[in-house]
Amino acid sequence: MKAIMLAGGKGTRLRPLTIHTPKPIVPIFERPFLHYQLDLLKRVPEIDEVILSLNYQPRRIEEIFGDGSEANIAIRYVVEPAPLGTGGAIRYAGDTLRESVVVFNGDVMTSVDLPAVIRLHRERKAKATIVLTPVDNPSAYGLVETDANNNILRFLEKPNPDEITCNTINAGIYILEPETFERIPKDTPWSIERSFFPSLIERGETFVAYTDPGYWIDIGTPEKYTQVHRDIMDGRFKTPPFSGAPGEVWVSPQARVDEGAVLVGPCFIDEGAVVKQGATIGAYSVIGRQCHVEEHALVERSIVWANSRISQDAIVRDSILGRHTHIGRSAVVTDDAVLGDKSVVTDFSKL
Ligand code: GDD
Ligand code: MG
């Protein structure tokens, strides 16, 4: 069985972070995001190859994952000549497939029981099975209505407020039958959500929902990107290096925390980072590889990507800083600031 991972979006809502780092490889702590999805796919022994469907900065992704031998699962890359949308990308990547295929949106983090979804798909002999998750506000997602037997009655992408009739949405995980791919026009941008799924309902085909009550998040915005880190630190999503114990302080053995520095859990300090005397790393902070936090600086509820420097007496709060960022002395960066790679905030500036 093959899996197709849709990872070709530009990640516009995560800009400026995604200018130099495509969304599938933004780091969650120290690991590129896609690793967490591969972990989930590896729980299905039947899946013997993952096809990464790409078009935005594909080389950056290939450099990290190669043929998959390090991640322990075979990986193949299919790069569209131009973005084909979610449906077009599935057709382009899956044209030669003949057996059921698992399709994943490349930006969702979940603990769904994938083997159970595949079992349901087979039991029901479905043309398509999709995973649903409950959310507070479905407007940014694909709204999915079902009947008591898990048949899908309606699929409405990005509903208007007056169209919201339930709280279950498309979680971006599907089992599909490749025989249906012929209906997707070749080499034209086409949306699986707006065209393919509604057409299954119109044709009265077996289109089934698996509702998963467990952890699920789309990391596509700075708020959600921050949230996923908090959820891991708080144990709502269990994954190393955090054990799920409250207030855990995780410091790499290769980091240097000087005497007189204060670390407030939960927080994460990656290898090669240096935290100087009098500096404070507050709760829900992530300090990337080779970062320097200098004397009496304060970092709180913020994510700092690798190779950045927070100078003496600076304050970084509720923010995300890209790689190689320089925050000058006594500068203040707060209130959901998101700074792209190589940003420079000069001494005493306030953002
Ligand atoms: N290869 C390729 N080509 N991939 C693409 C393209 C494309 O043209 N466009 C988008 N993708 C990938 C993105 O990289 C992402 O992983 C996935 O397809 C979904 O695209 P998003 O842009 O993140 O869509 P969304 O978050 O607004 O909505 C989708 O996901 C929701 C769940 O997170 C829809 O599937 C919704 O129905 C769903 O609820
Ligand atoms: Mg998304």
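Computed from a predicted model, the values in this text were never measured in an experiment.

Chemist: Before we go on, may I ask you to explain the site of ligand 1 in this structure?
Modeler: Ligand 1 sits among 28 residues. The nearest are Glu-80, Glu-157, Asn-170, Glu-193 and Asp-218. Separating an oxygen atom of ligand 1 from a backbone N or O atom of Gly-85 is a distance of 2.7 Å. In the environment of ligand 1, an oxygen atom lies 2.6 Å from a nitrogen or oxygen atom belonging to the side chain of Glu-157. Expressed as a share of its isolated accessible area of 740 Å², the protein-covered part of ligand 1 is 90%. For the shell around ligand 1, the elements supplying multiple residues, two or more each, are α3 (85–94), β10 (152–157), β11 (168–176) and β13 (216–218). With three residues, α3 is the largest single contributor of residues to the shell around ligand 1. Of the residues assigned to the shell around ligand 1, the class counts are ten nonpolar, ten polar and eight charged.

Chemist: Got a minute to help me understand the coordination of the magnesium ion (ligand 2) in this structure?
Modeler: For a metal with four tetrahedral donors the ideal donor-metal-donor angle is 109.5 degrees, whereas six octahedral donors ideally subtend 90 or 180 degrees. Here the magnesium ion (ligand 2) is held by the protein donor atoms Asp-107 (OD) and Asp-218 (OD), which lie 2.1 to 2.4 Å from it. Placement of the pair is Asp-107 in the loop between β6 (101–105) and β7 (108–110) and Asp-218 in strand β13, with a sequence separation of 111 residues.

Chemist: Please clarify how helix α4 (residues 114–123) should be interpreted in this entry.
Modeler: In an α-helix, one turn spans 3.6 residues, which is why side chains three or four residues apart end up on the same side. Inspection of α4 places Leu-114, Ala-116, Val-117, Ile-118, Leu-120 and His-121 among the buried residues, and these make up the whole buried set. Against α1 (34–41), β6, β8 (128–134), β11 and β12 (207–211) lie the buried residues of α4. Lys-125 lies just past α4 and shows a positive phi near 50°.

Chemist: Can you help me understand the pattern of salt bridges in this one?
Modeler: When the charged atoms of two side chains with opposite charge come close together, those side chains can pair. The full count for this structure, using the stated rule, is 21 salt bridges. Across the pair Lys-186 and Asp-95 runs a salt bridge whose closest N-O atoms are separated by 3.4 Å. Separated by 91 residues along the polypeptide, Lys-186 in the loop between β11 and α5 (192–202) and Asp-95 in the loop between α3 and β6 bring together distant segments of the chain. According to the relative accessible area criterion, Lys-186 is partly exposed, its value standing at 49%. Measuring nitrogen to oxygen at the nearest pair gives 2.6 Å for the salt bridge that ties Lys-158 to Glu-157. For Lys-158, a relative accessible area of 38% puts it in the partly exposed group. Linked by salt bridges that have partners in common, Arg-31, Asp-39 and Lys-42 make up one network.

Quick notes on the rules
- Residues numbered from 1 in each chain as written.
- Chains lettered and ligands numbered in written order.
- Predicted model: local features only at pLDDT ≥ 70, side-chain atom pairs only at ≥ 80, totals over all residues.
- Heavy atoms only, no water.
- Near = heavy atom within 4 Å.
- Polar contact = N/O pair within 3.5 Å; in protein donor to acceptor, adjacent residues only side chain to side chain.
- Areas by Shrake-Rupley, 256 points an atom, 1.4 Å probe, with all protein chains shown as cover.
- Helix = DSSP H or I, 4+ residues; strand = E, 2+ residues; numbered from the N terminus.
- Nonpolar A, V, L, I, M, F, W, Y, C, P; charged D, E, K, R; others polar.
- Donors = N, O, S within 2.8 Å, 3.2 Å for Na, K, Ca; no water.
- Buried < 20%, exposed > 50% of the residue type's maximum accessible area, 1.4 Å probe, protein only.
- Contact = heavy atoms within 4.5 Å.
- Salt bridge = Lys/Arg side-chain N within 4 Å of Asp/Glu carboxyl O.

Remember that the coordinates give geometry; whether it matters functionally is a separate question.
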